[in-house]
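So the chains spell out like this:
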Amino acid sequence: MLPRVHPALAALARPRWRRRLLVLVLAAALTTLPLVGSLGYEHGFVLSPLFSLVSMAVGVDAMRRVAGTQRASWWILGSAVLRELAMLHGIAIAMTLLGALWQRGCDPLGGLLFYGMGPGLSSLLGASCGVIAASFVAHRRRALLLAFVPMASCIALGLWRLYADPVVYAYDPFFGYFSGSVYDEGVAVGERYLRYRGYTLLAGFAALSVLALVLDGRLQRRARPLEGLTTGPRALLAVIALATSVASVSLGWNGAQLGFTANEQSIREVLSLRVETEHFVIDYAPRTPDDRTIELIAAEHEFAYAQLKQKMGGRAPAGKIHSFVFRDRGQKRAAMGAGTVQVAAPWRQQIYLDHRDFPHPVLHHELAHIFGNTVGDDLFGVARDGLRLNVGLIEGFATGLAPRPSDRLDLHDQVEVLTALDRRPPLAAIMGPGFLGQSSRVAYTTAGSFVLWLIETRGFEPMATFYRTAGDAEAAYGETLQSLEAQWLEFLADRGGVRPQDVQAQAQRFKRGSVFERPCAHVVAEVRAELGRASARAKFEEAVDLHRELCALEPKQPIHRLGLARGYMDERNVEAALQTLAELEQMPDLTVSVLSRMHELRGDVYLYEGALQQARAAYEAGLALPDDEGHTRMLQLKRAATLDPALAPVLTDYLSLFDIEGDGFTQGIARLAGAHRIRLLDGHEALGSYLVARQLLNVQRPAAAAEFLEEALAREDTLPSDEFRRAARYELMNAYTQTRAYDKAAAALATLQAEPDIGNGHRLRYAQWHARIAFFRTYRP
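Residues numbered from 1 in each chain as written. Predicted model: local features only at pLDDT ≥ 70, side-chain atom pairs only at ≥ 80, totals over all residues. Heavy atoms only, no water.

**A look at the pairing of strand S5 (residues 321-326)**
Counting buried positions over the six residues of S5 gives six, a clear majority of the element. Every second residue of S5 is oriented toward a common face, with Ile-321, Ser-323 and Val-325 on one face and His-322, Phe-324 and Phe-326 on the other, all of them buried. Sheet analysis places strand S4 (residues 280-284) next to S5, joined by five bridges and oriented parallel. In the sheet register, Ile-282 faces S5, and the bridge partner there is Ser-323. Relative to strand S7 (residues 350-354), S5 runs parallel, the two being bridged by five bridges. Residue pairing for S7: Ser-323 is matched across the bridge by Ile-351. (Buried < 20%, exposed > 50% of the residue type's maximum accessible area, 1.4 Å probe, protein only. Helix = DSSP H or I, 4+ residues; strand = E, 2+ residues; numbered from the N terminus. Pairing = 2+ DSSP bridges.)

Next comes the structure, spelled out in structure tokens:
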């Protein structure tokens, strides 16, 4: 006598119960993970392919169960499929909602929309593939393999597009939507995603319509499927099948024009101008700042190329590098998917940038990724060994080869700040996929300093091996990673030079966590976008409500309360603005950067109201705190207005304080006019000339700006501070370089380098300018 089997185990012998258990286990497992464990973009992206596969089995089993029976019909088949899919989705959603008890979610309704657009619609397409496969193959496993063919084909096509085309995002019938860079937090169900899902549903309907022509009333294949297509209901069905099939093929063929993907042709429609140099092809947009300075941009590209080639022992990519320079972030996001980040594709030898003032601060970093192709793996040109992809080394390599200062700190100084803040991660935590789980600023800085130290102390050749082997320290240096890390940390400890005030000034910059540590990151980005639209439409009440929503989403983020106070000022609600700032001041663990900006905003409110004494007290409170030079200059400028009643109203107009009527163009004109008015005030001629020059540089007029900067420095004793004098000399050096006055640029640089008490960050920046001026002398004499 055979032993009795427990009913639960007996149920698992049936495919539908195995599917339900599988979905339950997977959904429960996801709730243990940050971000993917709550309803939203990541959750939908992970579940979409899983539901596509499970739904293929649903379609196959339903077709095998219904086809050929007396009750067989499309209605019965569809009902069976939808009932099972509803059960599976119900299990997944219920488990996810239960997981909200321990895995915080921020926007359940928005998350459900992502779920519907992702797993929901992907499961319908997967089930359709299962139904179609089971109509032609009787064996269940073979039918499942056939059902997977469309998904495998789409995956192959999507991966090929990401590899071959200038695009970082992907739409897929079975995966839904892949947004691209993890650092782009603005992810939403937009018009393009809706349009794509409409296309995939149309394609699925077309496939089922064709299948309906092949099957008879009992859902079995017809012996002569073409018979009777010219008359009756089958003729109408044939017309529908043909029309939807043609429409689907047409939409898919024109996917780049519809935004489903991107290619060079679609990008050239946006970046219609091109310039070629010895090593670059540069595409850019007409009637933009880049259009006005393209010769300078091309020269900076060549300078970066020469610098990296020298650092890498003469190595350089084969062939020309293609650089796409977009007007702004919005244009770049619409064209190829990356918004807030600059992007490099080493295997395609392409970089994607948006406009920044000369010299572009990220160009050298992205170009370093392309140069990495000379020592990287054969497929992608990055630090990869088989399936092991060392993301930390990829980004550390580019950061170390193109280090950027932060105010008075160089790259090594910034890691010392991280150490002082107890924010520096161990290398083992970032030399690999774990890099993406860290704050980008923390991880880039740490990995970059380590790579830079290795190159400085051991040369580039071992680094080439280190990169090629995806971080095999033994192969490259004959030591373990832990041994190298200990030596690097000893070097940093012996170096010193970072002051306590430097640590305080940088604390806010390194405080923000990664997107995985901020469950509301995508919602916050979307609310910010709505806030921008509300402000642009002068809907200030709505804007204040959105500011309050941000404060509720991230109550520990003081920056949102600063935004709320500004929102109240847009409404001209001075009392509420000051009250919000008072509440902000009571929040725990505020960094000096936040406190400084809080004092500044309080001073702005008083300055706008004409209360000069209170405004001065607020600005001086901000100046008493350590901060970066740019913000220090702004506080000094505003304090100057409180010391002279004649300057106060003019400077208020120049700053466009709480201006709710002007746009970017009118405010720019007003600032230029205001700067000229300041220039006419007794005792403020030098300040006015400096401010005029800044406005001229903003519109790419370096020759005219140089004249006003020379005028300002001729009376430099009357400028508000040493920080203003340093900034004036720096901008004059920049203007001289742009206008080919290299001897004057070198003289201005020498004056900057001779200043006492400059930091390592200044020295790094000035060394880069020294090399730039020398290169430009010969490249663009």
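Back to the text.
**Remarks on the sheet that holds S7**
Across the sheet, five strands lie side by side as S3-S4-S5-S7-S6; this open sheet has mixed pairing. Edge positions in the sheet fall to strand S3 (273-276) and strand S6 (343-345), since each has one partner strand and no second. Across the sheet, the mean angle from the axis of one strand to that of its neighbour is 15°, orientation sign disregarded. Of the strands in this sheet, S3, S4, S5 and S7 touch helix H12 (residues 294-311), which is tilted by about 145° from S4. Relative to the sheet, helix H14 (residues 363-371) contacts S4, S5, S6 and S7, its axis offset from that of S7 by approximately 165°. (Axes fitted to C-alpha atoms, helices over the stretch in contact; angles between N-to-C directions. Contact = heavy atoms within 4.5 Å.)

**Considerations on the side chain of Glu-416**
Its location among the elements puts Glu-416 in helix H16 (residues 411-420). Discounting chain neighbours no more than four positions away, the residues touching Glu-416 are Leu-492, Arg-495, Gly-496 and Val-498.

**Quick notes on helix H24 (residues 540-553)**
Along its 14 residues, H24 runs 20 Å from first to last C-alpha, staying within 8% of the 20 Å computed at 1.5 Å per residue. Three or more residues of H24 are buried, namely Phe-540, Ala-543, Val-544, Leu-546, His-547, Leu-550, Cys-551 and Leu-553. On the buried face of H24, the contacting elements are helix H23 (521-536) and helix H25 (558-570). (Expected span 1.5 Å × (residues − 1).)

**Details of helix H13 (residues 329-336)**
Turning to H13, its buried residues are Gln-331, Lys-332, Ala-335 and Met-336. Projected down its long axis, H13 shows its buried positions confined to an angular sector of 100°, all on one face. Turning to H13, the residues buried within the fold contact helix H10 (264-268), S5, S6 and S7. The opening residue of H13 is Asp-328, an N-cap whose side-chain oxygen sits 3.2 Å from the backbone nitrogen of Gly-330. (Arc of directions from axis to C-beta. Polar contact = N/O pair within 3.5 Å; in protein donor to acceptor, adjacent residues only side chain to side chain.)

**A look at the packing of helix H18 (residues 440-458) against helix H19 (residues 460-468)**
Interhelical geometry of H18 versus H19 gives an angle of 140° and a closest axis separation of 7 Å. Taken together, the axis directions place H18 and H19 in an arrangement best described as oblique. Taking contact as the criterion, the partners of Phe-450, Val-451, Leu-454, Ile-455 and Arg-458 in H18 are, on H19, Phe-460, Pro-462, Met-463 and Phe-466. When the residues that make up the contact of H18 with H19 are grouped by side-chain class, the tally is eight nonpolar, no polar and one charged. (Parallel < 35°, antiparallel > 145°, perpendicular 65-115°, else oblique. Nonpolar A, V, L, I, M, F, W, Y, C, P; charged D, E, K, R; others polar.)

**Describing the pairing of S3**
Of the pairings in the sheet, the one linking S3 to S4 comprises four bridges and is antiparallel in character. Bridge pairing links Arg-274 to Asp-283 in S4. Linkage of S3 to S4, two consecutive antiparallel strands, is achieved through a turn of three residues.

**A few points about the pattern of salt bridges**
Between side chains of opposite charge, pairing is possible as soon as their charged atoms come close. Per the stated rule, a full pass over the model turns up 40 salt bridges. Residues Arg-458 and Glu-479 are paired through a salt bridge, measuring 3.6 Å at the closest nitrogen-oxygen approach. With a gap of 21 residues between them, Arg-458 in helix H18 and Glu-479 in the loop between helix H20 (473-477) and helix H21 (481-495) connect regions that are remote in the sequence. Of the charged contacts in the structure, one is a salt bridge between Glu-755 and Arg-729, with a shortest N-O distance of 3.7 Å. You can see Glu-755 sitting in the loop between helix H35 (742-753) and helix H36 (760-779) and its partner Arg-729 sitting in helix H34 (residues 722-738), a full 26 residues away along the chain. Its relative accessible area of 14% is what places Arg-729 among the buried residues. Bridged by salt links that share partners, the residues Arg-19, Arg-20, Asp-61, Glu-84 and Arg-140 form one connected network. (Salt bridge = Lys/Arg side-chain N within 4 Å of Asp/Glu carboxyl O.)

**A few points about the layout of surface pockets**
Estimates place the volume of the second largest pocket at around 600 Å³. Contributing elements (two or more residues each) for the lining of the second largest pocket: helix H5 (108-136), helix H6 (140-164), strand S1 (170-172), helix H7 (191-214) and helix H8 (232-253). In terms of residues, the lining of the second largest pocket owes the most to one element, H7, which gives eight residues. A breakdown of the residues in the lining of the second largest pocket according to their chemical character gives 18 nonpolar, eight polar and two charged. (1 Å grid on protein atoms, 1.4 Å probe; cavity = no way out; pocket = protein on both sides within 12 Å on 5 of 7 lines; lining within 4 Å. Points joined across faces, edges and corners; volume = space filled by probe spheres on them.)

**Looking at the packing of helix H2 (residues 15-30) against helix H4 (residues 74-99)**
Put simply, H2 and H4 touch, their axes get as near as 8 Å, and they point 25° apart. One element, H2, and the other, H4, form an angle in the roughly parallel class. Crossing of H2 against H4: the hand is right-handed. On H4, the residues touching Arg-16, Arg-19, Arg-20, Val-23, Leu-24, Ala-27 and Ala-28 of H2 are Glu-84, Met-87, Leu-88, Ile-91, Ala-92 and Met-95. For the contact of H2 with H4, a count of residues per class yields nine nonpolar, no polar and four charged. (Left-handed = near helix turned anticlockwise from the far one by under 90°.)

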